[in-house]
Amino acid sequence: MKYGRTYNFSAGPAMMPEPVLEEIAAEMMNYRGSGMCVMEMSHRSKVFQQIRDEAEADLRKLMGIPDNYKVLFIQGGGTVQFAMVAMNLMKNGLGCYVETGAWSKKAIAEAKKYGEVKIVASSADKNFSYVPDCSKLDIPDNADYVYICENETINGTTFFNLPDTKGKVLVSDQSSMFLSRPCDVSKYGLIWGGVQKNVGPAGMAVVIIREDLIREDLPKFVPTYMSYKTHADNDSLYNTPNCWAIYCCGKVFKYLLDNGGLEAMNQRNEEKAKILYDFLDQSKLFTGAVRKEDRSLMNVPFVTPSKDQDAEVVAATKAAGFDNLKGHKSVGGLRASIYNAMPKEGVEALVDFLKKYEAEHN
Ligand SMILES: *Cc1c(COP(=O)(O)O)cnc(C)c1O
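Since this is a predicted model, take the numbers as computed values, not measurements. (Residues numbered from 1 in each chain as written. Predicted model: local features only at pLDDT ≥ 70, side-chain atom pairs only at ≥ 80, totals over all residues. Heavy atoms only, no water.)

Some points on the packing of helix 1 (residues 18–26) against helix 6 (residues 243–258)
And then number 1: Contact pair helix 1 / helix 6: the axes reach a minimum separation of 10 Å and the direction vectors enclose 130°. Accordingly, the angle class assigned to the pair helix 1 and helix 6 is oblique. As helix 1 packs across helix 6, the resulting crossing turns out to be right-handed. Counting all contacts with helix 1, which are made through Pro19, Val20, Glu23 and Ile24, the residues of helix 6 involved are Trp244, Tyr247, Cys248, Lys251, Val252 and Tyr255.
And then number 2: Within the contact of helix 1 with helix 6, the residues separate by chemical class into eight nonpolar, no polar and two charged. (Axes fitted to C-alpha atoms, helices over the stretch in contact; angles between N-to-C directions. Helix = DSSP H or I, 4+ residues; strand = E, 2+ residues; numbered from the N terminus. Parallel < 35°, antiparallel > 145°, perpendicular 65-115°, else oblique. Left-handed = near helix turned anticlockwise from the far one by under 90°. Contact = heavy atoms within 4.5 Å. Nonpolar A, V, L, I, M, F, W, Y, C, P; charged D, E, K, R; others polar.)

Laid out in structure tokens, this is it:
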């Protein structure tokens, strides 16, 4: 790796593509003759407007977002969306949730503040190590939406088939898989993703929402900022947005377009994940924590036979120049997050290291 950078397996904020960081560095002191850095720029200026518009246009191209969907850039990261989804979409006051781990639990807890929540499927019985069957969900007629966390960052599971929502609106938290594979946006009512996992810097979420779900008749308690309509009516420039995140994400969108788009990303991500999972499947020391058919291509949790050894391996990887392999505090063990920007060489190097460790500790 150039610049003395390490292979960083953090779940987020996480690695960004090196060519993007280099471009940002080159534009830092004077953005394209504007005489200023993007951080110093008015969000109402022509030059910033162009940065914003290009970011949206490139994202639309990348995902093939249909014209009847709005793209919104909203501050507050992922957690704010737990509340915004419930506040804006609970017209009848009932949200159906699929409970697959830590992040869907947080979404459920937040939604309960604003209405009724029905958990229509759960994998809590096996420590969230799989995705429950969602082909025959019991969804009440008055349900406003069905919510999933499409990739559980902490537990390491992914939906490879979307639930049958019985015609109800599908809402998906794609934070830790956003832009990792092709996505048919028309199957969803609302997709959102915090960008610090697979795209750019922290502090912003991208929201893709079907226009008919943007409501005017919200309860009075909903703050102006928390209404999707506020952002939709103002091209995400109602107040000062996270200009820096929009700029950096825009660069990543262009980078992905120039490098084969989401099909190519998916192919690379499948290759990378296979290297790690193939190793775990044959290892006598390390065990993957997730049912095979539901394994995430982005976040790979695994364990050794003991907590002490888990900690020892984390320390050994750190000393060898691999960063952030400690599992989330709620589940322990180890976790390798291998988002778009993690090079294949990084995964290969990690597997080589783990192989050697296993041979030496047998
Ligand atoms: C990280 C994460 C969030 C929360 O994002 P913040 O920006 O930290 O609020 C929500 N959902 C998923 C799936 C995540 O990985």
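Alright, that's what it looks like, and here's the rest.
Describing the sheet that holds strand 14 (residues 334–337)
And then number 1: Taken together, three strands build an open sheet; the order of strands is 11-12-14 and the sheet is antiparallel. Edge positions in the sheet fall to strand 11 (287–288) and strand 14, since each has one partner strand and no second. (Pairing = 2+ DSSP bridges.)

Observations regarding the site of the ligand
And then number 1: Not every one of the 13 residues close to the ligand is listed here, only the nearest: Gly78, Thr79, Thr153, Asp173 and Lys197.
And then number 2: Taking Thr79, its side chain carries an N or O atom lying 2.6 Å from an oxygen atom of the ligand.
And then number 3: At a separation of 2.7 Å, a nitrogen atom of the ligand approaches a polar side-chain atom of Asp173.
And then number 4: Taking 380 Å² as the accessible area of the ligand by itself, protein coverage stands at 87%.
And then number 5: When its residues are assigned to classes, the shell around the ligand shows four nonpolar, seven polar and two charged. (Near = heavy atom within 4 Å. Polar contact = N/O pair within 3.5 Å; in protein donor to acceptor, adjacent residues only side chain to side chain. Areas by Shrake-Rupley, 256 points an atom, 1.4 Å probe, with all protein chains shown as cover.)

Some words on the packing of aromatic side chains
In this description, a pair of aromatic rings is defined by centroid distance and the angle of the planes.
And then number 1: Tallying each qualifying case throughout the model produces 13 aromatic pairs.
And then number 2: Centre to centre, the rings of Phe82 and Trp192 are 5.7 Å apart; their planes meet at 80°, and the pair counts as edge-to-face. With Phe82 in helix 3 (residues 79–89) and Trp192 in strand 9 (residues 190–194), this pair connects stretches of sequence that are 110 residues apart.
And then number 3: Given the relative accessible area of 0%, Trp192 is considered buried.
And then number 4: Ring geometry for Tyr97 against Tyr147: centres 4.6 Å apart, planes inclined by 25°, an arrangement best described as stacked. Here Tyr147 lies in strand 5 (residues 145–149) and Tyr97 lies in strand 3 (residues 94–99), a separation of 50 residues in the sequence. Here Tyr97 and Tyr147 have matching classes, each one buried.
And then number 5: Through pairs of rings, three or more aromatic residues link up here, namely Tyr7, Phe9, Phe322 and Phe353.
And then number 6: The ring centre of Tyr130 lies 5.7 Å from the NZ or CZ of Lys126, which sits over that ring. (Phe/Tyr/Trp six-rings, centres within 6.5 Å; stacked < 30°, edge-to-face > 60°. Buried < 20%, exposed > 50% of the residue type's maximum accessible area, 1.4 Å probe, protein only. Lys NZ or Arg CZ within 6 Å of the ring centre and 35° of its normal.)

Observations concerning the environment of Lys272
And then number 1: For Lys272, the location among the structural elements is in helix 7 (residues 261–282).
And then number 2: Exposure remark for Lys272: the relative accessible area of 1% places this residue in the buried category.
And then number 3: On a C-alpha basis, the gap between Lys272 and Asn340 in space is 9.6 Å, while along the polypeptide they are 68 residues apart.
And then number 4: For Lys272, the residues in contact, after removing those within four places along its chain, are Ile338, Tyr339, Asn340, Met342, Pro343, Lys344 and Val347.

Let's talk about the layout of surface pockets
And then number 1: By volume, the largest pocket amounts to about 280 Å³.
And then number 2: Put simply, the parts of the chain that give the lining of the largest pocket at least two residues each are helix 2 (46–63) and helix 6.
And then number 3: Looking at side-chain class alone, the lining of the largest pocket contains six nonpolar, two polar and seven charged residues. (1 Å grid on protein atoms, 1.4 Å probe; cavity = no way out; pocket = protein on both sides within 12 Å on 5 of 7 lines; lining within 4 Å. Points joined across faces, edges and corners; volume = space filled by probe spheres on them.)

Considerations on empty space enclosed by the protein
And then number 1: Using the criterion set out here, one finds three cavities of 30 Å³ or more in the structure.
And then number 2: In this model, the largest cavity occupies a volume close to 70 Å³.
And then number 3: Grouping the amino acids of the lining of the largest cavity by side-chain chemistry returns four nonpolar, five polar and one charged.

A few points about the domain arrangement of the protein
Where interface size is quoted, it is often the accessible area lost as the parts come together.
And then number 1: Domain parsing of the protein yields domain 1 (20–258) and domain 2 (261–361).
And then number 2: For domain 1 and domain 2, the distance between their C-alpha centroids amounts to 27 Å.
And then number 3: Counting residues at the interface gives 24 residues for domain 1 and 23 residues for domain 2.
And then number 4: For the pair domain 1 and domain 2, the two sides together bury roughly 2000 Å², of which 56% comes from carbon and sulfur. (Domains from an automatic or database assignment. Buried area = accessible area lost by both parts, 1.4 Å probe.)

Details of the pairing of strand 8 (residues 169–173)
And then number 1: Counted residue by residue, strand 8 has five buried out of five residues, so it is predominantly covered.
And then number 2: Of the two faces of strand 8, the one holding Val169, Val171 and Asp173 and the one holding Leu170 and Ser172 are both buried throughout.
And then number 3: Sheet analysis places strand 5 next to strand 8, joined by five bridges and oriented parallel. What sits directly across from Ile148, in strand 8, is Ser172.
And then number 4: Bridge count for strand 8 against strand 9 is three bridges, and the pairing is parallel.

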